[in-house]
Amino acid sequence: MTKIKAGYEPRLVILMFLGIGTVMLDRMAQLFLGPYIAKALAIGPAQIGVLAAGVSFAWAISSFIFGLLSDRVGRKPVLIPAMILFSLFSAVSGLAQNFGQLLLIRILLGAAEGPCWTVIAALVAEATPQERRGRNMGIVISAAALVGGGLGPILTTQIASAVGWRWAFAVAGIPGLVLALIMLVFVREPQKHLRSEPAKTDLGRLLRYRNVWLCIFAAIGQATWLLAFNVFAPLYITRVMGQSPTMAGFLIGASGIGAFVLGFCGPAVSDKIGRRPALLVAAALAMLMPLLFLVPGLYHMTGLLAALIFLTATGSITAALTLTIIPAESVPPSLKGAAIGLAGMGGEIGGALCGPMLGGVLAQHLGLAAPLMLASAGMVLVLLLGLAMRETRQIHASLHDAPVPAPREG
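Report on the accompanying structure.

The rules behind these values
- Residues numbered from 1 in each chain as written.
- Predicted model: local features only at pLDDT ≥ 70, side-chain atom pairs only at ≥ 80, totals over all residues.
- Heavy atoms only, no water.
- Axes fitted to C-alpha atoms, helices over the stretch in contact; angles between N-to-C directions.
- Helix = DSSP H or I, 4+ residues; strand = E, 2+ residues; numbered from the N terminus.
- Parallel < 35°, antiparallel > 145°, perpendicular 65-115°, else oblique.
- Contact = heavy atoms within 4.5 Å.
- Nonpolar A, V, L, I, M, F, W, Y, C, P; charged D, E, K, R; others polar.
- Patch = residues over 30% accessible without salt bridge, like charges linked within 9 Å, V, L, I, M, F, W, Y side chains within 5 Å.
- Areas by Shrake-Rupley, 256 points an atom, 1.4 Å probe, with all protein chains shown as cover.
- Salt bridge = Lys/Arg side-chain N within 4 Å of Asp/Glu carboxyl O.
- Buried < 20%, exposed > 50% of the residue type's maximum accessible area, 1.4 Å probe, protein only.
- Phe/Tyr/Trp six-rings, centres within 6.5 Å; stacked < 30°, edge-to-face > 60°.
- Lys NZ or Arg CZ within 6 Å of the ring centre and 35° of its normal.

Section: the packing of helix α2 (residues 34–41) against helix α7 (residues 165–186)
Here α2 crosses α7 at 130 degrees, and the two axes come no closer than 10 Å. By the angle class used here, α2 and α7 are oblique. Residues Tyr36, Ile37, Ala40 and Leu41 of α2 form the contact with α7, whose participating residues are Trp165, Arg166 and Phe169. For the contact of α2 with α7, a count of residues per class yields six nonpolar, no polar and one charged.

Concerning a nonpolar patch on the surface
There is a patch of nonpolar side chains on the surface, built from Val171, Ile174, Val178, Leu181, Ile182, Leu184, Val185 and Phe186 and spanning about 720 Å² of accessible area. Position of isoleucine 182 among the secondary structure elements: in helix α7. What makes isoleucine 182 partly exposed here is its relative accessible area of 30%.

Brief notes about the pattern of salt bridges
Pairing between side chains of opposite charge can happen when the charged atoms of each approach one another. Counted under the stated rule, the structure contains eight salt bridges. Here aspartate 71 and arginine 75 are joined by a salt bridge, their closest N and O atoms 2.8 Å apart. Given a relative accessible area of 2%, aspartate 71 falls into the buried group. We note a salt bridge from arginine 275 to glutamate 329, for which the minimum N-O separation is 2.8 Å. Here glutamate 329 lies in helix α14 (residues 315–329) and arginine 275 lies in helix α12 (residues 275–292), a separation of 54 residues in the sequence. Of the two residues examined, arginine 275 and glutamate 329, each falls in the buried class. A cluster of three or more residues bridged by salt bridges with shared partners is formed by Arg133, Asp271, Arg275 and Glu329.

Some remarks on the packing of aromatic side chains
Summed over all chains, the structure comprises four aromatic pairs. With 5.9 Å between their ring centres and 85 degrees between their planes, tryptophan 165 and phenylalanine 169 make a pair best called edge-to-face. Taken together, the positions of tryptophan 165 and phenylalanine 169, both in helix α7 and four residues apart, correspond to about one turn of that helix. Overall, the relative accessible area of 7% leaves tryptophan 165 in the buried class. Phenylalanine 169 sits in the buried class, given a relative accessible area of 0%. Seen in terms of ring centroids, phenylalanine 260 and phenylalanine 264 are 5.8 Å apart; in terms of plane orientation they differ by 55 degrees. Their pairing is tilted. Of this pair, phenylalanine 260 and phenylalanine 264 both sit in helix α10 (residues 245–265), separated by four residues, roughly a single helical turn. In this structure phenylalanine 260 comes out as partly exposed when scored by relative accessible area, which is 22%. Stacked on the ring of tyrosine 8, the Lys or Arg arginine 188 has its end atom at 4.3 Å from the ring centre.

This is the structure we're talking about:
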């Protein structure tokens, strides 16, 4: 790995933390502003869901394509234009006059945001020594939980209530433009040995690494856990358990705070004990979280229930490991971006798109408890796949210092 001057690494981590937070703010804004948009454009919940699906699908495809491109042309030539574009598309979202226009703009936004997640993760992985990679990646990825579950809803809805939802989209786009300028000046392009083989050859080699395949399917389980829980847990709490919406918000909030705190510091444990053991422990705990909501007696002890939810909100740890750290450490430097992008694409298409739809079918035929069981099953899948993964913490250095291993080795 290229030597990094003292002081650059923490500055990069802070910048990338802000970058991920901005990406998630602009992506999730349409969900936070859903009630305002539905009223203004006369659309229903199904169309709000289509907006989310459109962003997910565009994000999935672009994260892999541009991750692969960034392996070949460099990180900054991909990241900076993508930051500018998604910020502009966020602002332009407020100009939409009908559903079709908004859908097209949000699809373009998703296509611009996908590369940001991939390239940011690759930049942090390349600039961080192995003994601190889990810690730094956990800090950066935790911004998604902080903004997606905490600050984002407050910021966007407060702006919408004061000056309208169209201005909320515009304001959400400003941080990305500012960060793009700062990144252009301060982020250094990692020095890599770019190869001349066609991208098709790179993809062929990439698909032969066992951990890459396992991370793709683990990402599906991870996204299923996240989406099935967040979509259906509030409905289960209020409709089945008869709790108030404020109680539902309190309990879901406990999971959001837990995801941020544990995701901020949890991946650092993998720097000490290894990626695979940390993944197994985090997956086992996260598997329990949706099931806690199915225990009626716990609703009489809300403090205990909230504490248990907080402690088992370890999905942010599994996300950092399976979506970024393990894929990046399982392949040579020239394939890092593509590996991270491919894992993300699997999670977005297989989990973010299909998970909520399957959960809806199960809820309709089996009741609202079924989607929470589906969420738990998603993390069981992560746990089982983790058992089959190769530990990457010890082998990472050899991937940089030695020739690319035979692709049959995972």
